[in-house]
Every structure is written in structure tokens, then in C-alpha cells.
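Residue strings, one per chain:
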Amino acid sequence: MSTPVIPEAVIPEAAPETPAAPVIGVLALQGDVREHLAALAAAGAVARTVRRPEELAAVEGLVIPGGESTTMSKLAVLFGMLEPLRARIADGMPVYGTCAGMILLAGKILDPRSGQETLGGIDMIVRRNAFGRQNESFEASVDVTGVEGGPVEGVFIRAPWVESVGAEVEVLAEYGGHVVAVRQGTALATSFHPELTGDHRLHRLFSDMVRSAR
């Protein structure tokens, strides 16, 4: 009787490793926090609210939402968050600011209100409410460098624009002849609100920036 031939075991190929979901906070002092949390989750991130220094220390990246930039800066002082935020951003923590968040990330505000502070992070000068008042809000399609799939739909609500940028700042988008999206290293900022449109590509771009910064 012939000895049966036992076939060699077939070892399935290992599935490619995928980076763990980044833990990204949303500064929850004031503004459209809930919308950013939903957009980050849809983009594959673990989203958390951040109001205190210990919560800031537990995230890998941070979104600074739209809202009222003067109020947000004053609340950051009140909650003991101003210096911890500045320190983490200066240390290279990925950060994404929309509308008021863009203002807070600016090195300089062209027309600041009394007592208004910024966090820095992007070498730019911004103009507050540059596109008009609340009743002049609008939605527009914006071509953003680094975002595939066509223009991004952005909502402009009392939106700033960027007056000028430093040599290390990359201009990602313009609208109406004005700069509305920029990036410098691990810091990203847009004049408009992508979180209000259901288009999560910018949040996905930011999530990828957080992964890359690990």
C-alpha cells in the first residue's frame, strides 16, 4: 500500500497592517464642536472633546472649531488652556483650525479685538470677518491642494481670509482672489467650515497628518 501524500499546509497571507485610528480632540470651549466630532468619526478617527490640560495631553491631534475667536481665546485663559495649547502646538502636535480656529492659529491678526490672544502655529496674518457679516454667509466650491475627488464644499460664516503668509507656509486654496486654506508642517487651517457639508475629505486629510506625525 502506498503511503498517502499529505499536502503541505497552506498558510494564508497576513493581512496588511493598518495604522490604528488616531485619537483626535476637538477644543470644546465654544463653537461647532459636535459637527467636528461627527466628521472626525466619519473620517476614521477616535474623536474626543478637550476642555482641560489633562484631556489635551491624551490626544494625538486637535481640531479648533469655528465659533467666536475672541470668546474662545478668553475661555482658553479661564480654563487654563492657553499655555498648554501653545506648548503642544509649538512641540509639533498636529492641529487643524476652521474659521475662528484659523484666526487662533495665526501668528498675527490684522484687526484684533481688545484682549484677543492667538495660539500661533502658522506664520500668517489673517483678517477677521473678511468675507462679511453673518447675513452674508455663503457656500462655495473650493479646490484644495492635496484633496482628491474634485472641489471641497465649504461654508463661509463671518469667515476670515489670509492676508499674507511666511516662506514656510503652503497655500492650499484661494477663493475670490483670497487665501482660504493653508498648511505649515503639522498645522492646517481653512477659512471655511467643511464639517457642515457632509464632505469629510479635509478631516480625512488631517487624520492622515496625525498618523504621519506619530
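Up top you'll find the structure we're talking about.
An account of the accompanying structure is given in this report. (Residues numbered from 1 in each chain as written. Predicted model: local features only at pLDDT ≥ 70, side-chain atom pairs only at ≥ 80, totals over all residues. Heavy atoms only, no water.)

So, on to the environment of Ala21. The residue Ala21 is located in the segment before strand S1 (23–27) in this model. Taking the C-alpha atoms as reference points, Ala21 and Val165, separated by 144 residues in sequence, lie 32 Å from one another. Residues in contact with Ala21, not counting those within four places in the same chain, are Gly44, Val46, Glu60, Arg211 and Arg214. (Helix = DSSP H or I, 4+ residues; strand = E, 2+ residues; numbered from the N terminus. Contact = heavy atoms within 4.5 Å.)

What follows deals with the packing of helix H1 (residues 33–42) against helix H6 (residues 201–212). The interhelical angle for the contact between H1 and H6, taken along N-to-C directions, is 70°, at an axis separation of 8 Å. As the angle between them shows, H1 and H6 are arranged roughly perpendicular. Considering only the axes of H1 and H6, their crossing is right-handed. Across the interface between the two elements, His36, Ala39, Leu40 and Ala42 of H1 pack against His203, Arg204 and Ser207 of H6. Along the lines of polarity and charge, the residues of the contact of H1 with H6 split into three nonpolar, three polar and one charged. (Axes fitted to C-alpha atoms, helices over the stretch in contact; angles between N-to-C directions. Parallel < 35°, antiparallel > 145°, perpendicular 65-115°, else oblique. Left-handed = near helix turned anticlockwise from the far one by under 90°. Nonpolar A, V, L, I, M, F, W, Y, C, P; charged D, E, K, R; others polar.)

Spacing of three or four residues puts side chains on the same side of an α-helix, whose turn is 3.6 residues. Considered for burial, the residues of helix H4 (residues 82–90) that qualify are Leu82, Leu85 and Ile89. For H4, the angular spread of the buried residues around the axis is 70°, confining them to a single face. Once H4 finishes, Gly92 follows within two positions and takes phi at roughly 100°, a positive value. (Buried < 20%, exposed > 50% of the residue type's maximum accessible area, 1.4 Å probe, protein only. Arc of directions from axis to C-beta.)

Moving on, we come to the nonpolar core. Counting residues in hydrophobic clusters, the biggest one holds 33 residues, and the most contacted among them are Ile64 and Met124. Ranked by the residues each element gives to this core, the list is headed by helix H5 (residues 100–105), at five residues. In this structure Ile64 touches Leu27, Met72, Val95, Tyr96, Gly97, Thr98, Gly101, Leu104, Leu105 and Leu119, once residues within four positions along its chain are discounted. Core analysis: the second largest hydrophobic core is formed by 29 residues, Ile24, Ala45, Val63 and Val144 among them. (Core = buried A, V, L, I, M, F, W, Y, C linked by side-chain atoms within 4.5 Å.)

What follows concerns the pattern of salt bridges. Side chains that differ in sign of charge can pair as their charged atoms come close. Tallied over the entire structure, the rule returns seven salt bridges. The shortest N-O distance in the salt bridge between Glu163 and Arg127 comes to 2.7 Å. Separated by 36 residues along the polypeptide, Glu163 in strand S9 (residues 161–165) and Arg127 in strand S6 (residues 122–127) bring together distant segments of the chain. Given the relative accessible area of 31%, Arg127 is considered partly exposed. Across the salt bridge formed by Arg201 and Asp199, the nearest N and O atoms sit 2.6 Å from each other. (Salt bridge = Lys/Arg side-chain N within 4 Å of Asp/Glu carboxyl O.)

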